[in-house]
Amino acid sequence: MIPSIPQSRFVRFIYTAYVVLFFVYLAVPLIVVAIFAFNDSQFPSLPWEGFTLAWFFGDARPIIGIFHERTILSSILTSTIVGVSVSILSVAVGTTNAFLFNRYQFPGRGFLYVLMLLPLVVPGIVLGISILVFSSTIANAVWSGFSLELETLRPGLGLVVLGQFSFIATIATLVISARLQKFDQTLEDAALNLGADRLTAVRTITLPYLAPAMIGAGVVAFLMSFENFNTTLMLVGSDAPLTITMFDRMKEGSTPILNAVSLLLMVGSSLLALMMILVQRRS
Amino acid sequence: MKTETKIGFILLITPLLLWLVLLIIIPHIDMFLVSIRERVGVRQYQSSLANYGTFFEEPLYIWTFVRTATMSILATLITLVIAFPASYYIAKMAKGRTQSVLFLLCLVPFWVSEIVRTFGWMILLRETGLVSSVLQWTGIVSGPVEMLYNDTAIMIGLVYTSMLFMVVPLVTTLESLDDQIIEAAYDLGGSGLSILREVIIPHAAPGIVAGSIVVFMLTLGNYLTPTMLGGKDSLWFTELIYLQFIVRFNWELGAAFGFMLLLLSSIIVWSVLRLTGQTLEKTMG
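Remember, it's a predicted structure, so these values are computed and weren't measured experimentally.

Novice: Go over the nonpolar core with me, naming the residues and quoting the values.
Specialist: Formed by 165 residues in total, the largest nonpolar core has its most connected members in L16(B), W19(B) and V116(B). At 12 residues, the largest contribution of residues to this core is made by helix α3 (residues 59-93) of chain B. Domain assignment of the residues forming this core places at least three in each of domain 1 (1-29) and domain 2 (59-111 + 164-284) of chain B. Leave out the neighbours within four places in its chain, and W19(B) touches V93(A), N97(A), M116(A), P119(A), F165(A), S166(A), A169(A), T170(A), T173(A) and I24(B).

What follows is the structure in structure tokens.
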């Protein structure tokens, strides 16, 4: 069961074969998606009609590549804007939460901590509809009270950001808390002894120490936001983020342009993740 | 508290409270309030349990609800069974560089969107897809086979999509198990199976619980995979919620459905925690 315990060769072989199969299973769907991005055909399926880059760069019918496809480009932009906003919000709230739970003992702390974890065990679609219902309640009340239409409380990007933030903030809190817990608080005390006030001490000692976790949480938040579907689906207005656009396209019947978008997503998110690992390794 | 720390405390607790109260607590209360009102005329409502009545009277709704719950539990179990040996290999058999590379490889599929993963399975399983072509080419079947739009396809997609959320907690807890404990159990005469049952699984319990809860939750609340891989008749409960909210614009019934889903997931998560003696803080935090 571990390398130092003798095992029959047969068992060892079966086990290794299983693990290899497991990784093949993980890889195959993605490889298939990537390969068909280069198929010179209207459908992402066999037969193989030859290699082409037209699904990326094509600018004339029948093949219009992503770099000339307005809807997809603009939804990538939308997703990026949403992702960056969610990421900034989550890291900010995650950091204050981490300080709160690590540094303060107060009545109700345990209760608030459990409450803070709850968004992780609420189905995404329920988070979405509850925020949709509540924001409409407020918007309707304002409308009937002051005849004022609050556009931001109607389905749209503002609500999408809030909906995604409502559970991504938990993850950011957990990531940042984990690092803050390991922080040696005597370092801060030393800074205080040397005449720094508390804010300066936190700014010059603790925050730089936390930076890798904050960057990590930011990247994770961005990726989670970028790929979120369930919560977004319920809150989306007329500007669709990428996942929603792709979903609508897939319902209509897919062309290899979806494969091309997917391939770009894979490359993009792998690069981001790699960057995050490098940042974390350096610290 | 000193005034300085008091101000700090207030500044730190405000964002937390704003987030939890405005985005989690009040919206859920409001959703519940909407679910217990009945439209009796234009802009006229009265509170009643009519929406829940509709839910319990319509066999299709109940059936979809039960079916979603059972299939989610099944998907969680399958994910656990597939993920456990692989996680064990990564955590205990692989060493050093191989270990980190394997772990990273596990994470790769999940850096891309769920929609891409589902799309991959559609390309593989559809009638003109790869699996069908390979089967025809080898001569096992004579014509194209449609493997999409059935429960197996949904299950494959759900398990695939959830894998990471099982592997990560399992690898983390299994890694913390000291090799010497396994060696000691072996020296004391334990067989592979008894070591697994009495040493490894009890040690991995928090990871198993954490992974199972997250996978169950994600599966139960999944909309994309059942719709894309299961087609029109996939009968997933989230589809009913979507239908009432977005298509029919019957928010009262949709909210009741949402509340039922929330209730179901809470009950199951809570009872799993109780049965295994774990707490939410320990498994998630």
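Novice: So what about the pairing of strand β1 (residues 37-41) of chain B? Which residues, and what values?
Specialist: Residues and elements named next belong to chain B. In the sheet, β1 pairs with strand β2 (residues 44-47) via four bridges, with the strands oriented antiparallel. Within β2, the position partnered with G41 by the bridge is Q44. Between the antiparallel neighbours β1 and β2 lie two residues, among them R43 with a positive phi of about 55°.

Novice: Account for the domain arrangement of chain B, naming residues and giving values.
Specialist: Taken domain by domain, chain B holds domain 1 (1-29) and domain 2 (59-111 + 164-284). Domain 1 of chain B and domain 2 of chain B are separated by 32 Å when their C-alpha centres are compared.

Novice: Got a sec to walk through the packing of aromatic side chains? Specific residues and values, please.
Specialist: The final tally for this structure, using the stated rule, is 25 aromatic pairs over all chains. Feature note: the residues F55(B), F56(B), Y61(B), F65(B), F237(B) and F257(B) constitute an aromatic cluster, connected by ring pairs.

Novice: Give me the lowdown on the environment of P119(A), citing residues and values where you can.
Specialist: Looking at the element boundaries, P119(A) is found in the loop between α4 (109-117) and α5 (124-146). Considered as a pair, P119(A) and F106(A) are 13 residues apart in the sequence and their alpha carbons are 22 Å apart. Excluding its chain neighbours within four sequence positions, the residues that come into contact with P119(A) are L127(A), S166(A), F167(A), T170(A), W19(B) and I24(B).

Novice: How would you explain the layout of surface pockets if you had to name every residue and give the values?
Specialist: A volume near 920 Å³ is recorded for the second largest pocket. Lining the second largest pocket are 29 residues, and of these S136(A), N140(A), R37(B), F249(B) and W251(B) lie nearest its centre. Elements supplying a minimum of two residues to the lining of the second largest pocket: α5, α9 (230-235) and α10 (242-252) of chain A together with α1 (3-35), β1, α11 (237-247) and α12 (251-276) of chain B. With seven residues, α5(A) is the single largest residue contributor to the lining of the second largest pocket.

Here is what the cut-offs are and how they apply
- Residues numbered from 1 in each chain as written.
- Chains lettered and ligands numbered in written order.
- Predicted model: local features only at pLDDT ≥ 70, side-chain atom pairs only at ≥ 80, totals over all residues.
- Heavy atoms only, no water.
- Core = buried A, V, L, I, M, F, W, Y, C linked by side-chain atoms within 4.5 Å.
- Buried < 20%, exposed > 50% of the residue type's maximum accessible area, 1.4 Å probe, protein only.
- Helix = DSSP H or I, 4+ residues; strand = E, 2+ residues; numbered from the N terminus.
- Domains from an automatic or database assignment.
- Contact = heavy atoms within 4.5 Å.
- Pairing = 2+ DSSP bridges.
- Phe/Tyr/Trp six-rings, centres within 6.5 Å; stacked < 30°, edge-to-face > 60°.
- 1 Å grid on protein atoms, 1.4 Å probe; cavity = no way out; pocket = protein on both sides within 12 Å on 5 of 7 lines; lining within 4 Å.
- Points joined across faces, edges and corners; volume = space filled by probe spheres on them.

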